[in-house]
Amino acid sequence: MVKLAAALLLPTLALAGHNDMFACRGRSCDVEELTEQNWASKLAEQPYFIMFYAPWCGHCKQLAPKLKGAAKKAKGLGFGIGAVDVEPNPSIQSMFPDIKGFPSLKYVNHPKGKKSIDYNGPREGDDVLQWTKDTFVRTGGALQAPIEHKAWSELYTFFGRAALDDLPVLFAVGADKEPPKWLAALHGDLKEKPKTTGENPEAETQRLLGEAKKATKLPEVREGIVGVLETLTAAEKARNNKRKALYSTTYSSDPDTITAFNASGAPKNGAHVFALSVDRKNLANSLVVAYGNNPVEADRRGKLVDSSALLAFARDAAANFPRDSAVALPDVPKPKSVLAAEERAAARKKRATAVHSIASKADLDANCYALPAAKTCVVGVGASEGDLTELAAKYSKEGYAFSTVASDAPVADALRGDVAAPALVVVKGGKRPRAARAELSGGAALLDSIAGGGASFAKFAGGLPAWPEAEPEEPAAAEEEGDEYDL
Ligand SMILES: *[C@@H]1O[C@H](CO)[C@@H](O)[C@H](O)[C@H]1NC(C)=O
């Protein structure tokens, strides 16, 4: 009985040490407790920043909550933050004979502790995290951002963003609420440079050139060969440097997404996987390629069943997007903000390309004589609005504002000068008012020649043609009286 109690008590106490030190909730700890039992498997999975400590060490207790904060932020990045209570784990201690005091802080990337790196920086969470990230990347790790879940309504923005960054998208659709863990791992693997065999298609050429260089006695030939060799080396270097992150990656489980991507029936932990080539200007021109083995399956513990084939598919799709087999991106809904911006742009364009009609002095001022300096007035004399819409759509963005005036309007003859109606008249106000004119049919040519600096403007002899002020309207009462007489 006593023996049993002791056996039960001991492991509980051992747990309490780590739990107390790192304020763990229940069995879940942000800072992972590494022991002789789990050391080999944990270190095989990922590298760790490790605090080697003793429960009585005051500096360790001070650092513990800071490490906990760092561990929370490090989640999913591809490395862990852990701690080893040294005394109960002598076989771990024996791997690090240089540990003389507590806490000892190290980056460990090997189950046997080989090539571990000491941390001597400030004992602050953010410093530890930054240093560990840097060390992780410096020693060949690929930082993994945890993959986020995106709702159907968020995909437009996500795809648009990826297009802006010029990244294809790896997209998984499944029924599980949380993105599968293997997706983040896959994304991380994609970011790593493929482990090529160093194969160089020009190797044989280089070898032959090298021999030729040795054999030749002519300095000009030798120089030529050296030049070619340098070019080949530079091309190889450029090829190796060009690899950047291959994919932007996301996951969705919305019923709408599942329907749009024909992705129903994914097993638990599994998903349908697609590679997307997103057209930046128009999402509708984007392309979707489904992975041939969809739906992708994972084992009971969420580990991908056939990761190498999926990785090969993703790499291949990114490198030479298979346009023949691709289908178009489903019509993902635009968010309200995008719709509103599009509406504003359309309204702006409509305003800018509108053709106004001039029927009074006020119209003439507003649409021609009193335009802002950046705009130039173009009047179609004796033309209809319809006559000018095409010109307006084409030339408005160059600063022309279009309007029409009837050929019997008070200013019509002065505006068109000796060009017969319908005429197009470009009016410039200011101190020396002048106009360039053409028949309406030659309007586009006139505007082009103004842009090219080849059009001639003629002065208005007596200033801008004036529209007489409107005569005061007759009092309304008089009309009503008249009506009564008529009755
Ligand atoms: C889903 O299926 C429809 C009908 O077969 C097809 O037109 C569409 O391209 C498919 N969508 C995707 C994303 O595969």
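Residues numbered from 1 in each chain as written. Predicted model: local features only at pLDDT ≥ 70, side-chain atom pairs only at ≥ 80, totals over all residues.

### A few points about the overall build of the protein
Rules: Per the convention used, a helix needs a DSSP run of H or I reaching at least four residues, while a strand needs a run of E reaching at least two, with both numbered from the N terminus. Exposure classification rests on a simple neighbour count of other C-beta atoms within 10 Å of a residue's own: a residue reaching 20 or more is buried, one at 12 or fewer is exposed, and one in between is partly exposed. C-beta atoms are placed from the backbone. Two residues qualify as a contact pair if the distance between their C-beta atoms, derived from the backbone, is within 7 Å.
Within the protein, the regular secondary structure consists of 17 helices and 16 strands. Burial status across the protein gives 29% buried among its 487 residues. Contacts spanning at least 24 positions in sequence make up 71% of the contacts within the protein whose residues lie at least 6 apart.

### Side note on the site of the ligand
So the rule is basically this: Should the C-beta atom of a residue, placed from the backbone, lie within 6 Å of a molecule or strand, that residue is near it. Classes in brief: Ala, Val, Leu, Ile, Met, Phe, Trp, Tyr, Cys and Pro nonpolar; Asp, Glu, Lys and Arg charged; the others, Gly included, polar.
Every residue lining the ligand is accounted for by Phe 261, Asn 262, Val 288, Ala 290, Val 327 and Pro 330. Partitioned by chemical class, the residues of the shell around the ligand number 5 nonpolar, 1 polar and no charged.

### Brief notes about the packing of helix α3 (residues 58-74) against helix α5 (residues 125-138)
For the record, the criterion: Axis definition: a line fit to C-alpha positions, over the contact stretch in the case of helices; interaxial angles, taken between N-to-C directions, run 0 to 180 degrees. An angle counts as roughly parallel when it lies under 35 degrees, as roughly antiparallel when it exceeds 145, as roughly perpendicular when it falls between 65 and 115, and as oblique in every other case. The hand of a helix crossing depends on one turn: near helix anticlockwise from the far one by less than a right angle means left-handed, and clockwise means right-handed.
Where α3 meets α5, the closest approach of the two axes is 8 Å, and the angle between their N-to-C directions is 45°. One element, α3, and the other, α5, form an angle in the oblique class. Regarding α3 and α5, the two cross each other, and that crossing is right-handed. Facing Lys 66, Leu 67, Gly 69, Ala 70, Lys 73 and Ala 74 of α3, the residues of α5 in contact are Gly 125, Val 128 and Leu 129. Of the residues belonging to the contact of α3 with α5, the class tally is 5 nonpolar, 2 polar and 2 charged.

### Thoughts on the sheet that holds strand β16 (residues 458-459)
To keep it simple, the criterion reads: Here, any two strands with at least 2 DSSP bridges between them count as paired.
Strand order in the open sheet made by the 6 strands is β11-β13-β12-β14-β15-β16, with mixed pairing throughout. Strands at the two margins of the open sheet, each flanked by one partner only, are β11 (355-358) and β16. Bridge count for strand β14 (residues 423-428) against strand β15 (residues 434-439) is 6 bridges, and the pairing is antiparallel. Looking at the pairing, Lys 428 lines up with Arg 434 of β15. The strands touched by helix α14 (residues 385-395) are β11, β12 (376-381) and β13 (400-405); relative to β13, the strand with the most contacts, the crossing angle is about 175°. Docked against the sheet, helix α16 (residues 443-451) engages β13, β14 and β15, running at close to 140° with respect to β15.

### Notes on the sheet that holds strand β5 (residues 117-118)
Ordered by their spatial adjacency, 5 strands build an open sheet running β1-β3-β2-β4-β5, and the pairing between neighbours is mixed. Each edge of the open sheet carries a strand with a single partner, namely β1 (32-33) and β5. Sheet analysis places strand β2 (residues 48-53) next to strand β3 (residues 80-85), joined by 6 bridges and oriented parallel. Bridge pairing links Tyr 53 to Asp 85 in β3.

### Side note on the nonpolar core
Our working rule: By definition, a nonpolar core groups buried Ala, Val, Leu, Ile, Met, Phe, Trp, Tyr and Cys residues that are joined through C-beta atoms within 7 Å.
Among the nonpolar cores identified, the biggest contains 39 residues, and Phe 159, Val 169, Phe 274 and Leu 276 are the most heavily contacted of them. Sorting the residues of this core by element identifies α6 (155-164), β6 (169-173), α7 (181-191), β8 (272-277), β9 (287-290) and α11 (307-319) as the ones contributing at least two each. Discounting chain neighbours no more than four positions away, the residues touching Val 169 are Phe 159, Ala 162, Tyr 247, Ser 248, Thr 250, Leu 276 and Val 278. In terms of nonpolar packing, the next biggest core, distinct from the first, is built from 32 residues, Cys 60, Ala 70, Val 128 and Leu 129 among them.

### Some remarks on unusual backbone geometry
For the bond from Phe 102 to Pro 103, the omega torsion is -10°, close enough to zero to count as cis. Residue placement: Pro 103 occurs in the loop between α4 (90-93) and β4 (104-108). Across the junction of Asn 294 and Pro 295, the peptide omega takes the value -10°, indicating a cis bond. Along the polypeptide, Pro 295 turns up in the loop between β9 and α11. Despite not being glycine, Asn 269 shows a phi value in the positive range, around 70°.

### Things to note about the environment of Lys 66
Its location among the elements puts Lys 66 in helix α3. Under the C-beta neighbour-count criterion, Lys 66 is labelled partly exposed, with 17 such atoms within 10 Å. The spacing of Lys 66 and Asp 126 is 60 residues in sequence and 8.3 Å in space, taken between C-alpha atoms. Other than its neighbours up to four places away in sequence, Lys 66 contacts Arg 123, Glu 124 and Gly 125.

### Looking at α5
Put simply, the test is: To estimate how far a helix should reach, multiply one less than its number of residues by 1.5 Å. By definition, the arc is the one covered by directions from the helix axis to the C-beta atoms.
If you check α5, its first and last C-alpha atoms are 20 Å apart, about what 14 residues at 1.5 Å a residue would give, namely 20 Å. Of the positions making up α5, those classed as buried are Gly 125, Val 128, Leu 129, Thr 132 and Phe 136. Seen end-on, α5 carries its buried residues on one side only, within an arc spanning 95°. Opposite the buried face of α5, at more than 90 degrees from it, the exposed residues are Asp 126, Asp 134 and Arg 138. Lining the buried residues of α5 we find β2, α3 and β4. Remark: Gly 140 follows α5 within two positions and exhibits a positive phi of approximately 100°.

### Examining the environment of Thr 257
With respect to the helices, strands and loops of the structure, Thr 257 is situated in helix α10 (residues 255-260). You can call Thr 257 buried: it has 22 C-beta atoms within 10 Å. In this view, Thr 257 contacts Trp 152, Leu 155, Val 173 and Ser 252; residues no more than four positions away in its chain are not counted.

### A few points about the pairing of β3
Here is the rule: Viewed with both strands pointing away, a crossover whose connecting path from the first strand over the helix to the second turns clockwise is right-handed.
For β3, a buried count of 6 out of 6 residues is recorded, marking the element as mostly surrounded by other parts of the structure. Burial of the side chains of β3 extends over both faces: Gly 80, Gly 82 and Val 84 are buried on one face and Ile 81, Ala 83 and Asp 85 on the other. Taken together, the 2 bridges between β1 and β3 define a ladder with parallel strand orientation. Paired with Glu 32 across the bridge in β3 is Gly 82. You can see the chain leave β2, run along α3 and come back into β3, and the turn it takes is right-handed.

### A look at the confidence of the model for the protein
Worth spelling out the cut-off: Scored from 0 to 100, pLDDT records how confident the predictor is in each individual residue.
Averaged over every residue, the pLDDT of the protein is 86; the share at 70 or more is 89%. Below a pLDDT of 50 lies the segment residues 1-15, which in the model reaches 1 contact outside its immediate sequence neighbourhood of four places, other chains included. Across residues 478-487, confidence stays below pLDDT 50; counting only partners more than four residues off in sequence or on other chains, it has 1 contact.

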